[in-house]
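Now for the letters of each chain:
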Amino acid sequence: GRFCLALRRCWRVRRLVLRGVHMRPAAAAEVMAALQGNDTIHFLDLSFNELGDAGIRTVLIAITLVSVSCSASGLHTLLLDSNGLDEHSAQVLALLGNAHPLRVVSLRCNRLADRAATLIAGALPGQCMLQEIDLQDNDVGPAGAEQLLAMINRGRGNLRTLNVRGNPRIPAALLEEIENKVSQQ
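J.: So what exactly am I meant to see when it comes to the pattern of salt bridges here?
T.: As enumerated under the stated definition, the model contains seven salt bridges in all. Across the salt bridge formed by Arg 111 and Asp 86, the nearest N and O atoms sit 3.8 Å from each other. In this pair, Arg 111 is assigned in the loop between β4 (104-106) and α5 (114-123) and Asp 86 in the loop between β3 (77-79) and α4 (90-93), connecting sequence segments 25 residues apart. Look at Arg 111 and you get partly exposed, because its relative accessible area is 49%. Between Arg 108 and Asp 134 there is a salt bridge, and its shortest N-O distance comes to 3.6 Å.

Below, the structure written as structure tokens:
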């Protein structure tokens, strides 16, 4: 409604925090449509909402479309913590590899498990600008952690931080190996 109309007219917004506003997929679509063509926004926090797969898909597709036209500018940080994402969200998260200007993605406190971690690891192309991925406090297990480690070993892009702490199924030795590999990059 009014908020999206105001957002369309405001081209100087650099940070947009819509944290915990009970946003659903339809509202996410309106917000992303309002942001279309806005290359000044660098930080978008949609954490603690009810976006689920449909809302996250809308957000990532919009970012992908924008990134085609302006890879050097635009959104750099996307926070999607606690949005009800689970293993069914994995295909949606594969879109991260197309969201070219993103540098920081946080997916903390969802229910993402091995399949999601595997798809994220496979989705990130070598030229991807992602520097930080936060998967803390999800349900990633050994199989997903191994795929993330394999991604690091392949030298995927500019990744400097990969947080998988708080995933109790990842063995301590594997967690330590991931942290050591990332710190060597």
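Next comes the rest of the description.
J.: How do you make sense of the side chain of Asp 134 when you look at a structure like this?
T.: Looking at the element boundaries, Asp 134 is found in strand β5 (residues 132-134). Apart from residues no more than four positions distant in its own chain, Asp 134 is found in contact with Val 105, Ser 106, Leu 107, Arg 108 and Asn 163.

J.: Honestly, the packing of α5 against helix α6 (residues 142-153) in this entry has me stumped. Any pointers?
T.: Describing two packed helices takes the angle between their axes plus the distance from one axis to the other. Across the interface, α5 lies against α6 with an axial gap of 7 Å and an inter-helix angle of 10°. Considering their axes alone, α5 and α6 lie roughly parallel with respect to each other. For the pair α5 and α6, contact is made by Asp 114, Ala 117, Thr 118 and Ala 121 and by Pro 142, Ala 143, Gly 144, Gln 147, Leu 148 and Met 151, respectively. Of the residues that constitute the contact of α5 with α6, the class distribution is six nonpolar, three polar and one charged.

J.: Explanation requested: the packing of aromatic side chains in the structure shown.
T.: Where two aromatic rings form a pair, the distance of their centres and the angle of their planes describe that pair. Applying the stated criterion to the full structure yields zero aromatic pairs. Positioned above the aromatic ring of Phe 43, the side-chain terminus of Arg 15 is 3.8 Å from the ring centre.

J.: When you look at unusual backbone geometry in this model, what are you seeing that I'm missing?
T.: Most peptide bonds take the trans form, and the phi angle of most residues other than glycine is negative. Phi angles above zero are rare outside glycine, and Phe 48 is one such case at about 60°. Along the chain, the position of Phe 48 falls in the loop between β2 (43-45) and α3 (52-69). Here Ser 82, not a glycine, exhibits a phi torsion of approximately 50°, which is positive. Topologically, Ser 82 is positioned in the loop between β3 and α4.

J.: Looking at this structure, I do not really get the nonpolar core. What am I missing?
T.: Across soluble globular proteins, you tend to see nonpolar side chains buried next to one another. In terms of nonpolar packing, the biggest core is built from 53 residues, with Leu 16, Leu 78, Leu 107, Leu 135, Leu 162 and Ile 178 touching the most fellow members. Of all the secondary-structure elements, those providing two or more residues to this core are α1 (2-9), α2 (25-35), α3, α4, α5, α6 and α7 (172-184). The contacts of Leu 162, once residues within four sequence positions are left out, are Ile 133, Leu 135, Leu 148, Met 151, Ile 152, Ile 178 and Val 182.

What counts and what doesn't
- Residues numbered from 1 in each chain as written.
- Predicted model: local features only at pLDDT ≥ 70, side-chain atom pairs only at ≥ 80, totals over all residues.
- Heavy atoms only, no water.
- Salt bridge = Lys/Arg side-chain N within 4 Å of Asp/Glu carboxyl O.
- Helix = DSSP H or I, 4+ residues; strand = E, 2+ residues; numbered from the N terminus.
- Buried < 20%, exposed > 50% of the residue type's maximum accessible area, 1.4 Å probe, protein only.
- Contact = heavy atoms within 4.5 Å.
- Axes fitted to C-alpha atoms, helices over the stretch in contact; angles between N-to-C directions.
- Parallel < 35°, antiparallel > 145°, perpendicular 65-115°, else oblique.
- Nonpolar A, V, L, I, M, F, W, Y, C, P; charged D, E, K, R; others polar.
- Phe/Tyr/Trp six-rings, centres within 6.5 Å; stacked < 30°, edge-to-face > 60°.
- Lys NZ or Arg CZ within 6 Å of the ring centre and 35° of its normal.
- Core = buried A, V, L, I, M, F, W, Y, C linked by side-chain atoms within 4.5 Å.

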